[in-house]
Amino acid sequence: MGARAAILARGALVLGLLCLGLACSAVRGGRWESSPGPYDQFDAPRLAALAQARERFDAEDLRGAMEGLQALLRQDPLNLTVAALLQDAELAALERGQAVEGLPASTPAAANGSEVGPRIRLRRWYAARAEQRGTSFDLVLAARIEDDTLAALRLLDRAVEVDPKNLWAHYGRAYELLKLNRVEESRGALSRALQLDPGHPRARRLEITLLGLGKDRSRAKTALRTWLLELEGDARVPRRDWIDGALDLVALEQEQEGYADSLSLLKRLEPLTPEQAWRRELLFSVAFESLGRYGEALEAARRAQALRPAGFRAYATEARLLQHRFDDLEGALAAWEQTAELANQAGAGWLDGDASAAELQARIEVARLRERLALDRGAGQGTADQGQP
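It should be emphasised that the depicted structure is a prediction, and the values quoted were computed from it without experimental measurement. (Residues numbered from 1 in each chain as written. Predicted model: local features only at pLDDT ≥ 70, side-chain atom pairs only at ≥ 80, totals over all residues. Heavy atoms only, no water.)

Visitor: So what's going on with the overall build of the protein chain? Residues and values would help.
Guide: On a plain count of helices and strands, the protein chain comes out with 18 helices and zero strands. Of all 389 residues assigned to the protein chain, the portion counted as buried reaches 46%. In the protein chain, the share of contacts with a sequence separation of at least 24, taken over all contacts with a separation of at least 6, comes to 59%. Looking at the protein chain as shown, the accessible area adds up to about 19700 Å², and 52% of this sits on carbon and sulfur atoms. (Helix = DSSP H or I, 4+ residues; strand = E, 2+ residues; numbered from the N terminus. Buried < 20%, exposed > 50% of the residue type's maximum accessible area, 1.4 Å probe, protein only. Contact = heavy atoms within 4.5 Å. Areas by Shrake-Rupley, 256 points an atom, 1.4 Å probe, with all protein chains shown as cover.)

Visitor: How would you sum up the nonpolar core? Please name residues and give values.
Guide: Counting residues in each nonpolar core, the largest one holds 57 residues, and the members touching the most others are Leu50, Leu69, Leu80 and Leu122. No other element matches the 11 residues that helix H4 (residues 80-95) contributes to this core. Contacts of Leu122, omitting those with residues within four sequence positions, involve Gln87, Glu90, Leu91, Leu94, Leu103 and Ile145. Within the second largest apolar cluster, 39 residues are counted, among which are Ala246, Leu329, Ala335 and Trp336. (Core = buried A, V, L, I, M, F, W, Y, C linked by side-chain atoms within 4.5 Å.)

Visitor: Could you give an account of the pattern of salt bridges, with specific residues and numbers?
Guide: Counted by the stated rule, this structure contains 31 salt bridges. Its salt-bridge partner being Glu184, residue Arg187 comes within 2.6 Å of it at the nearest N-O pair. Remark: Glu184 and Arg187 occur in helix H9 (residues 183-196); sequence separation between them is three residues, near one turn of the helix. Its salt-bridge partner being Glu207, residue Arg204 comes within 2.6 Å of it at the nearest N-O pair. One end of the pair, Arg204, and the other, Glu207, are both in helix H10 (residues 201-213), three residues apart, so they sit about a helical turn from each other. The class for Arg204 is buried, based on a relative accessible area of 15%. (Salt bridge = Lys/Arg side-chain N within 4 Å of Asp/Glu carboxyl O.)

Visitor: Go over the side chain of Glu359 with me, naming the residues and quoting the values.
Guide: Here Glu359 shows up in helix H18 (residues 353-386). Classification of Glu359 as buried rests on a relative accessible area of 17%. Side-chain polar atoms of Glu359 contact the side chain of Asn344, separated by 3.2 Å. Once residues within four sequence positions are removed from consideration, Glu359 is found in contact with Ala340, Ala343 and Asn344. (Polar contact = N/O pair within 3.5 Å; in protein donor to acceptor, adjacent residues only side chain to side chain.)

Visitor: Would you mind going over empty space enclosed by the protein in detail, with residue names and values included?
Guide: Throughout the structure, instances matching the rule amount to one cavity of 30 Å³ or more. In this structure, the largest cavity is lined by Pro36, Asp40, Phe42, Thr81, Asp197, His200, Pro201 and Arg236. Per-class residue counts for the lining of the largest cavity are three nonpolar, two polar and three charged. (1 Å grid on protein atoms, 1.4 Å probe; cavity = no way out; pocket = protein on both sides within 12 Å on 5 of 7 lines; lining within 4 Å. Points joined across faces, edges and corners; volume = space filled by probe spheres on them. Nonpolar A, V, L, I, M, F, W, Y, C, P; charged D, E, K, R; others polar.)

Visitor: So, the environment of Leu91: which residues are in play, and what are the values?
Guide: As for its position among the elements, Leu91 is in helix H4. Not counting residues within four places of it along the chain, the set of residues in contact with Leu91 comprises Pro118, Arg119 and Leu122.

Visitor: Describe H4, naming the residues involved and giving the relevant values.
Guide: Over its 16 residues, H4 extends 22 Å from the first C-alpha to the last, a length consistent with the 22 Å expected when each residue adds 1.5 Å. With a side-chain oxygen lying 3.1 Å from the backbone nitrogen of Thr81, the N-terminal cap of H4 falls on Asn79. Downstream of H4 by one or two residues, Gly97 has phi in the positive range, about 80°. (Expected span 1.5 Å × (residues − 1).)

Visitor: So, the side chain of His200: which residues are in play, and what are the values?
Guide: The topology assignment puts His200 in the loop between H9 and H10. Side chain to side chain, His200 and Asp40 meet in a polar contact 3.3 Å long. When near neighbours in sequence (up to four residues on either side) are disregarded, His200 contacts Asp40, Leu167 and Trp168.

Visitor: Help me get a handle on unusual backbone geometry, residues and values and all.
Guide: You will see that Glu60, though not glycine, has its phi angle at about 65°, which is positive. The residue Glu60 is located in the loop between helix H2 (44-58) and helix H3 (62-75) in this model. The backbone of Asn181 sits at a positive phi, close to 65°, despite the residue not being glycine. Relative to the assigned elements, Asn181 resides in the loop between helix H8 (167-179) and H9.

Next comes the structure, spelled out in structure tokens:
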């Protein structure tokens with residue numbers, strides 16, 4: 001897509017957001033002011049350089065992305081937006097067997113003698129640097145790549161102690177606490193982050209997630225729409241994160257039965273990842289089914305299956321459509337059996353409420369359909385017997 005076409009496509013997408021739930025009014029509600037602190041300073045040239053580095057990263061030009069980001073950090077050594085993207089680029093480079101500046105070419109093997117993977121190598125490097133320097137900046141970066149949530153929290157607690165005005169440390173604590181389902185503590189940490197900068201993109205996005213956990217889903221939808229409108233094309237926000245947000249908005253709109261509006265926005269969205277493409281097709285199927293366009297709903301569900309063969313949700317949608325809209329009981333039985341098997345696999349090893357509920361529903365429907373099909377076959381056989389001389 002050329003630059004002009006991309007601009008026009010994004011303009012249409014923004015128009016779709018304005019129309020979604022706003023009766024095509026261009027009024028933006030719930031705007032917030034921004035007051036970036038020392039870890040988030042940008043002027044226009046540096047934002048442009050960040051955008052260029054992000055484009056290179058998305059195009060998998062990791063060397064070019066790292067060089068551009070390193071140049072930005074030389075200008076502003078405390079910029080955590082730049083440093084976080086550099087960390088992502090370094091990990092991607094290591095996973096592709098590329099060298100990373102400053103990282104030793106080899107790392108001590110694991111205790112069992114096996115080779116240490118790229119993520120562990122990078123995590124050890126950032127942890128060692130944080131211990132050596134002890135700055136809030138370095139502690140946040142070490143926490144960001146730490147897989148152990150409690151260990152990450154300890155690093156972030158230290159980052160707050162070193163610099164209580166480091167928004168990223170408070171935001172990181174909120175994020176990690178939410179992973180532990182310590183929701184009220186997460187809200188408290190996020191509140192402190194937003195006091196430092198009410199317009200921080202990542203903090204505002206996490207706030208929307210927390211709103212979505214509560215009862216006021218309408219407020220979450222309004223806040224998410226504002227986030228999307230304010231940050232469309234903003235170099236500080238990865239495009240894939242923005243698309244994820246737009247898909248979340250569609251899901252919230254569908255909860256309130258805004259199916260026609262959600263369909264309009266879905267048609268404008270261009271997924272960047274297989275996960276996003278799969279979600280888009282699932283949301284398409286919901287919108288089409290609710291609008292009575294059952295054939296298109298079934299097609300969307302089957303496209304979702306092709307994108308994620310192990311995903312149970314698309315098979316459940318197919319089963320429901322075949323059973324209730326197409327009267328294809330044999331096809332519905334096969335789809336429900338597949339749903340039950342995949343949902344069981346999805347829930348194995350941990351508590352997955354959605355998978356457990358889907359498996360239970362699927363097994364109930366399988367039993368009902370088997371009984372009904374058996375009765376139909378029996379009735380058919382009886383009719384055939386009566387017709388014999």
